[in-house]
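A closer look at the structure
Each chain, letter by letter, is given below.
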Amino acid sequence: MEYVIRTENLTKKYGKFLALSNVNMSIPKGAIYGFVGKNGAGKTTLIRLLCGLQDPTEGWYSIYGIQNNDKRIIQSRKRMGAIVETPSIYMNMTARDNLIEQYRILGIKELDGIDELLELVNLAGTSSKKARHFSLGMRQRLGIAIALVGNPDFLVLDEPINGLDPEGIIEIRELLLKLNREMKITILISSHILEELSKLATHYGFIDKGRVIKELSAQEIEDLCRKCIRVDMDDTGKLCKALDDYGVEYKIISNHIADIYGDIAITDIVLKLAEVGGKVENIYNKDENLETFYIKLLRGDINE
Ligand code: ADP
């Protein structure tokens, strides 16, 4: 697999405070990588390092295979666009003038592509309106347009949906999916809004107290969170007996707990179990999502 970002034992200390501790992370090319953690977990610190705004205390990272201590990292970083904390917008300027300014900052002389960028982020109709009169969602989209100047193929967004209203969130979601699917841009997005992230991310990294505690794909999470019926009963041996003929998939968790998958009604299970003399203590639909997965992860209920 080709990776846009790799880190190895990446560590950042602020004085004695360990903000990042031996972080090993891999962001596959083409991914929307959801970087999940509570406030203060270390998300922005990692992003600041990747953007070259701060240096690691120990360990290394690479961008497109070039390590941070290699001079060519400057070239690699040109393939990257980022919003760190808040978008860098000139509030007294229009969307177009903000983009022109970014072209100037990056030393791009030809002002081609501005109309397309404004169109892409749905700000083409804002003409002479100054950014200070924009909604938060419009500002975020302008921030993304600014980050896209220079045609990066890797976009880093630090909490881009914080504080947005539902409509604003949907607009950002649609924009990011378009950038990823149509324009093949790899995206690193940090957030603690898990429900939204689950609509976007193809991969996840979970960070807590400066440590990446788990990295896995959305598919792996889906498999772990698969819908099932959990039955707590006197003897799961009886359940095997009752269900083997029935042809439904199940998994024995312990000698009294089992998970049953597939299209089967709770009543049918109870009836089948009654036929073999099984006594049900408890039976319920188990429907986990990213949020419950994350809580379990933080509690240490999910192992390597
Ligand atoms: P997140 O983005 O996940 O909310 P941050 O990376 O901003 O977390 O912060 C991680 C920890 O590092 C926090 O405890 C924060 O207070 C601390 N921190 C961040 N920047 C600095 C700094 N410049 N000096 C000292 N401590 C810092």
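Structure shown above.
Overview of the structure. (Residues numbered from 1 in each chain as written. Predicted model: local features only at pLDDT ≥ 70, side-chain atom pairs only at ≥ 80, totals over all residues. Heavy atoms only, no water.)

Here we come to the overall build of the protein. On a plain count of helices and strands, the protein comes out with 11 helices and 14 strands. The dimensions of the protein, computed from C-alpha atoms along their principal axes, are 80 × 45 × 30 Å. Here the protein, with 304 residues, has 47% of them falling under the buried criterion. Within the protein, residue pairs in contact and separated by at least 24 positions form 66% of the contacts whose partners lie at least 6 positions apart. Of the roughly 15,900 Å² of accessible surface on the protein, 47% is carried by carbon and sulfur atoms. Once the 40 positive and 44 negative side-chain charges of the protein are each reduced to a mean point, those two points are 7 Å apart. (Helix = DSSP H or I, 4+ residues; strand = E, 2+ residues; numbered from the N terminus. Buried < 20%, exposed > 50% of the residue type's maximum accessible area, 1.4 Å probe, protein only. Contact = heavy atoms within 4.5 Å. Areas by Shrake-Rupley, 256 points an atom, 1.4 Å probe, with all protein chains shown as cover. Lys, Arg positive; Asp, Glu negative; His and termini not counted. Charge placed at Lys NZ, Arg CZ, Asp CG, Glu CD.)

Moving on to the sheet that holds strand β4 (residues 58–63). Ordered in space as β2-β1-β4-β5, the 4 strands form an open sheet in which the pairing is antiparallel. A single partner strand is all that each edge strand has here, and the edge strands are β2 (17–28) and β5 (66–67). Taken together, the 8 bridges between strand β1 (residues 3–14) and β2 define a ladder with antiparallel strand orientation. Its bridge partner being in β2, Lys13 is matched across the sheet by Leu18. (Pairing = 2+ DSSP bridges.)

Moving on to helix α9 (residues 236–244). By the burial criterion, the buried members of α9 are Thr236, Leu239, Ala242 and Leu243. Buried positions in α9, seen along its axis, are confined to an arc of 105° and lie on one side of it. Regarding α9, its N-cap is Asp235, as a side-chain oxygen of that residue lies 2.8 Å from the backbone nitrogen of Gly237 further along. (Arc of directions from axis to C-beta. Polar contact = N/O pair within 3.5 Å; in protein donor to acceptor, adjacent residues only side chain to side chain.)

In this structure, Asp97 sits in helix α3 (residues 95–105). Note: C-alpha distance between Asp97 and Lys279 (182 residues apart in sequence) is 72 Å.

All residues in the neighbourhood of the ligand are listed as Tyr14, Phe17, Ala19, Lys38, Asn39, Gly40, Ala41, Gly42, Lys43, Thr44, Thr45 and Arg48. Between the ligand and the protein, one listed contact pairs an oxygen atom with a side-chain N or O atom of Lys43 at 2.9 Å. Protein burial of the ligand: of its 570 Å² of free accessible surface, 63% is covered by the chains. Those elements giving two or more residues to the shell around the ligand turn out to be β2 and α1 (43–50). The element that contributes the greatest number of residues to the shell around the ligand is α1, accounting for 4 residues. Here the residues of the shell around the ligand sort into 4 nonpolar, 5 polar and 3 charged. (Near = heavy atom within 4 Å. Nonpolar A, V, L, I, M, F, W, Y, C, P; charged D, E, K, R; others polar.)

Residue Glu85 is not a glycine yet carries a positive backbone phi of 60°. The residue Glu85 is located in the loop between β6 (80–83) and α3 in this model. Assessed through its relative accessible area of 44%, Glu85 is described here as partly exposed. Positive phi values are uncommon outside glycine, yet Lys209 reaches one of about 45°. Overall, Lys209 belongs to the exposed group, its relative accessible area being 66%.

Taken in spatial order, the 6 strands line up as β6-β7-β8-β3-β9-β10 in an open sheet, and their pairing is mixed. Edge positions in the sheet fall to β6 and β10 (211–217), since each has one partner strand and no second. Strand-to-strand twist across the sheet, computed as the mean angle between neighbouring axes with direction ignored, equals 15°. Sheet topology places β6 next to strand β7 (residues 154–158); 4 bridges connect them, and they run parallel. Among the inter-strand pairings, Ala82 is bridged to a residue of β7, identified as Val156. (Axes fitted to C-alpha atoms, helices over the stretch in contact; angles between N-to-C directions.)

From the geometry alone we can't say anything about function, so treat these as descriptive.
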